[in-house]
Amino acid sequence: MIEKNIDKKGIITLVLHSHLPLLYYPEYNESLEERWLFEAVRESYIPLLMVFEEIYQKYGYVGVTISFSGSLLTMLSSDFFKERIYRHLKKAVELGEKEIERTKNTQFYKVSSFLFEKFSQILKKFEELNGDVLKGFKKLAENGAIQIITSNLTHCISPFYFVDSANTKLLEIQFYQAISNFVDYFGFHPEGVWLPECAYVPFLDEILRKYGIKYTFVESHGIIFSRDVCKYGTFLPYQTRQGLIVFGRDLESSKQVWSAKEGYPGDFWYREFYRDIGYDLDYDYIKPYIHESGVRVDTGYKYYRITGVDVPLSAKDVYDPDIALKKSFEHAANFIFNRERQCEYWYNALNSNVPLNIVAMYDTELFGHWWFEGVYFIKNLLSLLNEEPRYLVGALSISDYIKLLESKSFKLDVLEPNSSTWGWKGYFEYWLNGSVDYMYRHLHVNTQRFFEIVKERKNEIERDEGYKELVEMGISEILQSQCSDWPFIVFTGQVSQYGHQRFKEHITNLIRINNAIFERGCLENLEKVKNVKNMYKIDYNKLVNILQ
């Protein structure tokens, strides 16, 4: 595929980031938060896998780079979650069967049949994989069709943990453990890392290179506002002084797909996300398919389209999947057209003599979940690029694009990216503001105390397996409390109480563990913490060199 793209003016490197925090609630038959995982599997992960497999079967290559965070990998490879996902998928199909009967001879029959067929295919695929969604991606990666990379273990904002030696050690553990678990599952070392929230700060490259990471991504202004000369903008990668290759996110391609107002997802013919039969239908009818507490939730059966700007939910028009999927084809073709014009102009202006790189970076869950037609958009995009050799742009995975540059003996410029994130304002404020700043004081103070106690009790810990397990649980709780999702959902106001609750839960557990290690005691009622530690595969003996 490199040879096929070597004379293109540009290469689209589609990079998808898959992440959810660990949502482990064995005390419930089903928690409301677990549904985040169920919906992502049903609407994004399996549908995208099926598209990638179809593209590979047709063309022998896909050319997409996809990451899985450590917490998501943990859930998708766990028997506990596999069983619950299966139960959820079965319910979706069961509801679909009832909906086909209920909507017969109505204007909703076409869309209910469409969704039932889709969910039936997804359930069938899940059963074929024996519940192991990652297995399908692994096979594609082994065949060279896609590239899989990692993130850090619990999706922490890396730059926030350079404050002292104790927190820097925990940051190392974040990457070490994520990479270790990745290798354990996939059987190969990840070449790249998606930094959570694209949060970069100088010196972070030292840790990434230490653990064998070849490349990463930063937000566009992290490249453009670098103190070094930014010769190629974000159209070519650079190399830091530590040898880490950095790619900058492309602004134009991002806006076209991300923006609900200006981008493709806001098209009036696309499916309306916020209207679902879980809220519309009679309670007694829908009760078996919403939360067991009786709380109404999304079922995935959404029968209306966006319709127009500021049209209230009650006035939406009925969704037509045929028109919507046709729109997804038109948008894929338009996306390619715009990338051609972009590369045509900048190829001549920059005079690099190598195909430029359009780094199209998105959260995986955007496609299929938030933007229902997004999966079809990707399918059409990849199909068009494979079927039309006259396009000025092609598609490659990140590693294959690096190989293309190497084949042309292109030498990367040295550049140190500026501190930056993606998201609102672009400089960490989503995750560090007045509503969540208390979190970091508790994190840093209790992390430092943890390391002081571990150092003080080193000899006893080495001799006592019970002490080792307490240390492992302490590490697990620190890593959990560092998750970027907690400050994010507090600040956005979506489920603020849950964000506060999860952070306080992990910090409280850490304080109890610190006291138990210091006082040579034991703890009760921490079975769940122990289980999470085991799920994350935290092992004192493997981490002792970092700890000390």
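As shown above, the structure is provided for reference.
Owing to the predicted nature of the structure, the values given are computational and were not obtained by experimental measurement.

### Focus: the pairing of strand S5 (residues 215–218)
Here comes step 1: Side chains Tyr215 and Phe217 of S5 all project onto a buried face; the interleaved residues Thr216 and Val218 project onto the opposite face, where all are buried too.
Here comes step 2: Judged from the two bridges that link them, strand S4 (residues 192–193) and S5 form a sheet pairing that is parallel. Each bridged residue has a counterpart across the sheet, and for Val193 the counterpart in S5 is Thr216.
Here comes step 3: Between the parallel pair S4 and S5, the chain is carried across by helix H8 (residues 204–210), and the sense of this crossover is right-handed.
Here comes step 4: The pairing of S5 with strand S7 (residues 245–248) spans four bridges and is parallel.

### Some points on unusual backbone geometry
Here comes step 1: Phi at His155 takes a positive value of approximately 65°, unusual for a residue other than glycine.
Here comes step 2: Relative to the helices and strands, His155 resides in the loop between strand S3 (146–150) and helix H7 (165–186).
Here comes step 3: In this model, Asn353 sits at a positive phi of 65°, which is unusual for a non-glycine residue.
Here comes step 4: Examined against the element boundaries, Asn353 turns out to sit in the loop between helix H13 (321–350) and strand S8 (356–363).
Here comes step 5: Under the relative-accessibility criterion, Asn353 is labelled exposed at 53%.

### Points about the packing of H13 against helix H14 (residues 374–387)
Here comes step 1: Interaxial distance between H13 and H14 falls to 8 Å at its minimum, and their mutual angle equals 50°. With respect to each other, H13 and H14 are oriented oblique. Every pair of crossing elements has a handedness; the one defined by H13 and H14 is right-handed. Each of Leu325, Ser328, Phe329, His331, Ala332, Ala333, Phe335 and Ile336 in H13 lies in contact with H14, whose residues at this interface are Tyr376, Phe377, Asn380, Leu381, Leu384 and Leu385.

### Here's the deal with the nonpolar core
Here comes step 1: Judged by nonpolar contacts, the single largest core of 187 residues is most densely connected at Leu16, Phe52, Ile146, Phe367, Phe377 and Ile475.
Here comes step 2: Among the elements that take part in this core, helix H2 (residues 34–59) stands out by supplying eleven residues, more than any other.
Here comes step 3: Ignoring anything within four residues of it in the chain, the contact list for Phe367 reads Leu16, Glu43, Ser44, Leu48, Val257, Tyr362, Gly374, Val375, Phe377 and Ile378.

### A closer look at the packing of aromatic side chains
Here comes step 1: What the rule picks out here adds up to 50 aromatic pairs.
Here comes step 2: Ring centres of Tyr25 and Tyr28 lie 6.3 Å apart, and the angle between their planes is 40°; this geometry places the pair in the tilted category.
Here comes step 3: Exposure remark for Tyr25: the relative accessible area of 6% places this residue in the buried category.
Here comes step 4: Note on Tyr28: relative accessible area 44%, which makes it partly exposed.
Here comes step 5: Between the aromatic rings of Tyr345 and Trp346, the centroid separation amounts to 5.1 Å while the plane-to-plane angle is 90°, which identifies the pairing as edge-to-face.
Here comes step 6: A relative accessible area of 31% places Trp346 in the partly exposed class.

### Observations regarding helix H6 (residues 133–142)
Here comes step 1: For H6, the set of buried residues is Val133, Leu134, Gly136, Phe137, Leu140 and Ala141. Projected down its long axis, H6 shows its buried positions confined to an angular sector of 155°, all on one face. Every exposed residue of H6 that faces more than 90 degrees away from the buried side is listed here: Lys139 and Glu142.
Here comes step 2: Of the surrounding elements, those touching the buried residues of H6 are H2, strand S2 (64–68), helix H3 (70–76), helix H5 (109–128), S3 and H7.
Here comes step 3: One or two residues past the end of H6 sits Gly144, with phi positive at roughly 80°.

### As for the pairing of strand S1 (residues 10–18)
Here comes step 1: When you tally the buried positions in S1, you get nine out of nine residues, the bulk of the element.
Here comes step 2: Side chains Gly10, Ile12, Leu14, Leu16 and Ser18 of S1 all project onto a buried face; the interleaved residues Ile11, Thr13, Val15 and His17 project onto the opposite face, where all are buried too.
Here comes step 3: Two strands pair when backbone bridges link them, and S1 and S2 are joined in this way by five bridges, in the parallel orientation. The residue bridging Leu14 from the neighbouring strand is Val64, located in S2.
Here comes step 4: For the crossover that starts at S1, traverses H2 and ends in the parallel S2, the hand is right-handed.

### Concerning the environment of Val490
Here comes step 1: Looking at where Val490 falls in the secondary structure, it is placed in helix H19 (residues 485–492).
Here comes step 2: Along the primary structure Val490 and Tyr345 are separated by 145 residues, whereas in three dimensions their C-alpha atoms are 42 Å apart.

The rules behind the values
Residues numbered from 1 in each chain as written. Predicted model: local features only at pLDDT ≥ 70, side-chain atom pairs only at ≥ 80, totals over all residues. Heavy atoms only, no water. Buried < 20%, exposed > 50% of the residue type's maximum accessible area, 1.4 Å probe, protein only. Helix = DSSP H or I, 4+ residues; strand = E, 2+ residues; numbered from the N terminus. Pairing = 2+ DSSP bridges. Right-handed = clockwise from strand over helix to strand, strands pointing away. Axes fitted to C-alpha atoms, helices over the stretch in contact; angles between N-to-C directions. Parallel < 35°, antiparallel > 145°, perpendicular 65-115°, else oblique. Left-handed = near helix turned anticlockwise from the far one by under 90°. Contact = heavy atoms within 4.5 Å. Core = buried A, V, L, I, M, F, W, Y, C linked by side-chain atoms within 4.5 Å. Phe/Tyr/Trp six-rings, centres within 6.5 Å; stacked < 30°, edge-to-face > 60°. Arc of directions from axis to C-beta.

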